[in-house]
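Commentary on secondary and tertiary structure
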Protein chains: 2
Amino acid sequence: MRHLTLALDIMGGDNGPHIILSAALKALNEFPQLNFIFCGDEGVITSWLKQHSSILSNRYSIVHCDQQVLMDDNPVTALRHKKDSSMACAIKHVKNGQADACVSAGNTGALLAIACSQLKTLSGVNRPALVSSLPTAKGQKAYLLDLGATVQSDAQTLLQNAVMGSVLAQEIGGIKRPKVAILNVGEEQIKGPASIKQAGRLLADSEHINYIGFVEGDDIFNDIADVIVTDGFSGNIALKSCEGLVKLLIEQIKRDARRNFLSKIMAKLAMPLLRRLYLRVNPDQYNGASLIGLRGIVVKSHGNASDEAFLYAIREAVQEASRQVPTKIKDKIENLLMERS
Amino acid sequence: MRHLTLALDIMGGDNGPHIILSAALKALNEFPQLNFIFCGDEGVITSWLKQHSSILSNRYSIVHCDQQVLMDDNPVTALRHKKDSSMACAIKHVKNGQADACVSAGNTGALLAIACSQLKTLSGVNRPALVSSLPTAKGQKAYLLDLGATVQSDAQTLLQNAVMGSVLAQEIGGIKRPKVAILNVGEEQIKGPASIKQAGRLLADSEHINYIGFVEGDDIFNDIADVIVTDGFSGNIALKSCEGLVKLLIEQIKRDARRNFLSKIMAKLAMPLLRRLYLRVNPDQYNGASLIGLRGIVVKSHGNASDEAFLYAIREAVQEASRQVPTKIKDKIENLLMERS
């Protein structure tokens, strides 16, 4: 691995800077070529680091920021009035080329707004997309995008999502020729809204995409496709509904457990599996969700991430940076544009 | 309960006429005032009934149909070329007033097409909606609509869905003043596509709806709202994604069970709960999905329904018929129109 520098938003997230710093120290041990720029309150960072590390101090720098984006800040407010926030600082370092990627567990809306405004989309990309991988029945993973960066997507945007998802599945997922599907309400070509049908034709016509057709919601998890393309509205609804269902299941098992001894044992046994699944359908908690289509790498970790979860997001950022995902996306989008011109 | 007549599509579904006839006989025992019109192959029906009943024979009639809508028939083909199908026959009896409701486990697309074409929408209703209730954490239920009857819905259609869902939650769910929410990608008023934001304003302005605002996908199951309104595309995606997730969970537990003895026991214990949940997030399998907004009652049971599941769908139809749901919807839509004129 070549030398990489990641900028971290130390103040983002619900659980405090120590979670993020703790994940960062673990990552420094894991990746010998990695360096960090810690963006946040210098006093807080220095005081924590003093107690926890010394030998690694040549592999990070601290950039003090006076402001912090709060979890309930309006994205527009964060963008306009918190220009000196730790989040904006981390993104700025990517923009200026001082960092290869940034990771934040902060307010998603604000992160989207600031990242889009600072980094801009790649040439040929209309809109950025939020993407993450979901577990499948055979233990593989499926990349679902968009998860909410762009609520309404026309056929061209869906086509671009297909390209971007393919690049990610190839470069990060290690899938040679990722199978790409469009999420729809039926598998037949006549099904769905006009934009979906048109996107189906565009994907079928492109040699750059291994398009397999429409899939339905229950196909997300069944290994039919490696990349599932949808607009940000439906993607977000699909993901959040699944998250809600797992929460419901955990609740039901807890309630059942109160009934009798057998249920209690069952609950004890089933709970770890359910919690694991909950983390996996709550992907930014599991391995971070990536904001792709921008001229830089931005990985979002869950607001409530543990240091282990934040470490996953760091690993994702390291992989995307070392595989130069934005460049690969740019190249593939250019090929697509040439094919269509 | 007053005397009620239901028309059943005996030939619909994957599991054969005996499932439906068996459910019908159970229903006759359960509801003394209920009568059936069995639409289907007379030979098949008579031969089954001969072996299974005699004393109830004055409470059903048989209408022979030469055709049958197959599960993979194109809806348009079914509508145009299978006018003598058991499905069309059952719906026609509702249209002619000879039946108070109909139930089918057949091809959903065909059922939608034939029901819409024959029964027409109620005055003031733009588009019909497919609705079902989902389980919630506190053991209540939430009515989610539209589940796929109308893929794209404008603000007016969402408003009408809110009214129709409220009527169902009130009349069937027994909820006095159902809390209505719109499914969106965030709770803030500025979130989501224009049609959703406009629908939010329309619902907030109406005295006929107890509107509580936007909810996200994970709120479907957490008792925040009694009625959750969405377009047919997102509703279908939400429901099917959840179905897929439960299937994944069942798969994972099965796979885990092969690992060691403890996992095997856990799988044995957890499976009934998961199967129950699977049935409930697969609501037409659980209690039927209702097609509402039409001038007649149409309940869809799952293609793969057992006789117990089909009996649920019959019960749903009985309830809707005895509470005269279409009339109640018509009245409430009229009130809404008056409020807005």
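Further up the page is the structure itself.
All figures in this text were calculated on a predicted structure; none of them were measured in a lab.

Each side of the interface is counted separately: chain B has 52 residues, and chain A has 52 residues. For the pair chain B and chain A, the summed buried area comes to about 4,300 Å², and 73% of that belongs to carbon and sulfur atoms. Its largest share of buried area at the contact with chain A, chain B owes to Phe233, Leu245 and Leu273 of chain B, together 15% of the area lost on that side. Counting across the chain B and chain A interface gives four salt bridges. For Glu216 of chain B, the salt bridge identified is with Lys240 of chain A, shortest N-O distance 2.3 Å. Where chain B packs against chain A, one counts six residue pairs in polar contact (both at pLDDT 80 or more). At 21 residues, helix H8 (residues 232-257) of chain B tops the list of elements feeding residues into the side of chain B that touches chain A. Residue composition of the side of chain B that touches chain A, grouped by class: 28 nonpolar, 13 polar and 11 charged.

You can overlay chain B on chain A at an RMSD of 0.0 Å; the transform is a turn of 180° with a shift of 0.0 Å along its axis. Overall, the copies show the geometry of a two-fold rotation axis. Same-surface contact between copies: 100% of interface residues of chain B are shared with the interface of chain A.

Here we come to unusual backbone geometry. Residues and elements named next belong to chain A. Cis peptide bonds are those with omega within 30 degrees of zero, and the linkage from Leu145 to Asp146 qualifies with 10°. Here Asp146 shows up in the loop between strand S6 (141-145) and helix H6 (155-171). Phi at Asp223 is positive, roughly 70°, even though this residue is not glycine. Mapped onto the secondary structure, Asp223 falls in the loop between strand S8 (210-215) and strand S9 (227-229). For Asp223, a relative accessible area of 15% puts it in the buried group.

Here the focus is helix H8 (residues 232-257) of chain A. Here H8 of chain A spans 37 Å end to end across 26 residues, near enough to the 38 Å set by a 1.5 Å rise per residue. For H8 of chain A, the N-terminal cap is Asp231 of chain A; the gap from its side-chain oxygen to the backbone nitrogen of Phe233 of chain A is 3.1 Å.

Residues and elements named next belong to chain A. What the rule picks out here adds up to 22 salt bridges over all chains. Across the salt bridge formed by Asp73 and Lys82, the nearest N and O atoms sit 2.6 Å from each other. Under the relative-accessibility criterion, Asp73 is labelled buried at 15%. Relative accessible area serves as the criterion here: at 17%, Lys82 is assigned to the buried category. A network of salt bridges, in which partner residues are shared, links Lys26, Asp307 and Glu308.

Attention shifts here to the sheet that holds strand S5 (residues 129-135) of chain A. Residues and elements named next belong to chain A. Taken in spatial order, the 11 strands of this open sheet run S3-S2-S1-S4-S11-S10-S5-S6-S9-S7-S8, and their pairing is mixed. The sheet terminates laterally at strand S3 (60-64) and S8, the two strands that pair on one side only. Taking the axes of each pair of neighbouring strands and ignoring which way they run, one obtains an average angle of 25° across the sheet. With three bridges connecting them, strand S7 (residues 179-183) and S9 associate as parallel partners. Within S9, the residue paired with Ile182 across the bridge is Val229. Contacts from helix H2 (residues 42-52) reach strand S2 (34-40) and S3, with the element oriented near 150° to S3. In the packing of helix H11 (residues 307-322) onto the sheet, contacts are made with strand S1 (4-9), S2, strand S4 (101-104), strand S10 (289-292) and strand S11 (298-300), and the angle to S1 comes to roughly 140°.

Quick notes on the rules
Think of each chain on its own: its residues are numbered from 1, step by step along the sequence as written. Think of it this way: whatever chain is written first is A, whatever ligand is written first is 1, and the rest follow in order. Only residues with pLDDT of 70 or above have their local features reported here, since the model is predicted, and side-chain atom pairs are shown and tallied only from 80 upward, although totals for entire chains, interfaces and linings are computed over all residues. Side-chain calculation: all heavy atoms of the structure are included, whereas hydrogens and water are not. Residues are treated as being in contact if the distance between any of their heavy atoms lies within 4.5 Å. As used here, buried area is the combined drop in accessible area, with a 1.4 Å probe, of two parts when they are placed together. One side-chain nitrogen of Lys or Arg within 4 Å of one carboxyl oxygen of Asp or Glu is enough to make a salt bridge. Polar contacts, as counted here, are pairs of nitrogen or oxygen atoms within 3.5 Å of one another; within protein the pair requires one atom able to donate a hydrogen and one able to accept it, and residues that are adjacent in sequence qualify only if both atoms are side-chain atoms. In DSSP terms, a helix is any run of H or I states spanning at least four residues, a strand is any run of E spanning at least two, and both are numbered starting from the N terminus. Charged means Asp, Glu, Lys or Arg here, nonpolar means Ala, Val, Leu, Ile, Met, Phe, Trp, Tyr, Cys or Pro, and polar covers whatever is left, Gly included. When the copies are overlaid, the least-squares fit takes in C-alpha atoms only where the residue has pLDDT of at least 70 in both copies. Buried, partly exposed and exposed residues are distinguished by accessible area as a fraction of the type maximum, computed with a 1.4 Å probe on protein chains only: under 20%, between the cut-offs, and over 50%, respectively. Every helix has an expected span of 1.5 Å times one less than the residues it contains. The rule for pairing is simple: two strands pair if DSSP sees at least two bridges between them. As a rule, the C-alpha atoms of each element are fitted with a line to give its axis, helices using only the stretch in contact, and angles between N-to-C directions run from 0 to 180 degrees.

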